[in-house]
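What the coordinates show
The lines below spell out each chain.
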Amino acid sequence: NRGDARAARVARVPDPLQRDAPPQGPAHAPLEQVGSVPAAGAALRLRVFEHDVVDSTSARAFEELAAGRARHGDVHIAREQTAGRGRRGASWASARDMGLYASVVLRTTQPVHPAALTIGAGLATLEAARDLGALDARLKWPNAVLVGAAKHAGILVQTRGLDLAAPHNVEG
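Summary of the structure given here. (Residues numbered from 1 in each chain as written. Predicted model: local features only at pLDDT ≥ 70, side-chain atom pairs only at ≥ 80, totals over all residues. Heavy atoms only, no water.)

**Side note on the sheet that holds strand β7 (residues 137-140)**
Across the sheet, three strands lie side by side as β7-β8-β9; this open sheet has antiparallel pairing. The sheet terminates laterally at β7 and β9 (150-154), the two strands that pair on one side only. Mean inter-strand twist for the sheet, computed between neighbouring axes without regard to direction, equals 35°. Inspection of the sheet shows β7 paired to strand β8 (residues 144-147) by four bridges, in the antiparallel sense. Looking at the pairing, A137 lines up with V147 of β8. Of the strands in this sheet, β7, β8 and β9 are in contact with helix α2 (residues 114-131), which crosses β7 at around 165°. (Pairing = 2+ DSSP bridges. Helix = DSSP H or I, 4+ residues; strand = E, 2+ residues; numbered from the N terminus. Axes fitted to C-alpha atoms, helices over the stretch in contact; angles between N-to-C directions. Contact = heavy atoms within 4.5 Å.)

Now the structure itself:
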């Protein structure tokens, strides 16, 4: 079951990857404005697509990229994943309502090495976990956040083909 997106919400946040880039993808009217953060330069417009059950949030992001509808900063979240993926082809099912299952589309003006994105996402996730009170959280380099012995987050950055004119990654 692919699950259709129920809604798209839009927020503006500073974009560290694309300071002066024009908006990408087709213009869509937001269904709900959820807030804005002032930025000194360009801002990243986040569209959040909420899915119920999907094979994987990354698969949904790549589907939108292939259809030409994805924009930089699009976020796909789901209540359940039936075919999530990890490093070296590992797969797993993500139980309903037991976690945050999300993937973000990154369309940059120049290619960025996926390892750099993985490390950056790992460090940002670690910081967020600590900010939320998991003070003993640690990064199992480079892509897993552990609290005690339990894995609380895994990060996978993927690309499908490298088009230098339109570089893209999906970070899940």
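**Looking at the pattern of salt bridges**
Enumeration over the complete set of coordinates arrives at eight salt bridges. Taking the shortest distance from any N to any O, the salt bridge between R79 and D52 comes out at 3.8 Å. In this pair, R79 sits in strand β4 (residues 75-85) while D52 sits in strand β3 (residues 43-54), placing the two residues 27 residues apart along the sequence. Looking at R79, the relative accessible area reads 32%, which means it is partly exposed. (Salt bridge = Lys/Arg side-chain N within 4 Å of Asp/Glu carboxyl O. Buried < 20%, exposed > 50% of the residue type's maximum accessible area, 1.4 Å probe, protein only.)

**Some remarks on the environment of T109**
Within the fold, T109 resides in the loop between β6 (101-107) and α2. By relative accessible area, T109 is classed as partly exposed at 48%. Residues T109 and A166 lie 57 residues apart in sequence; the distance between their C-alpha atoms is 7.1 Å.

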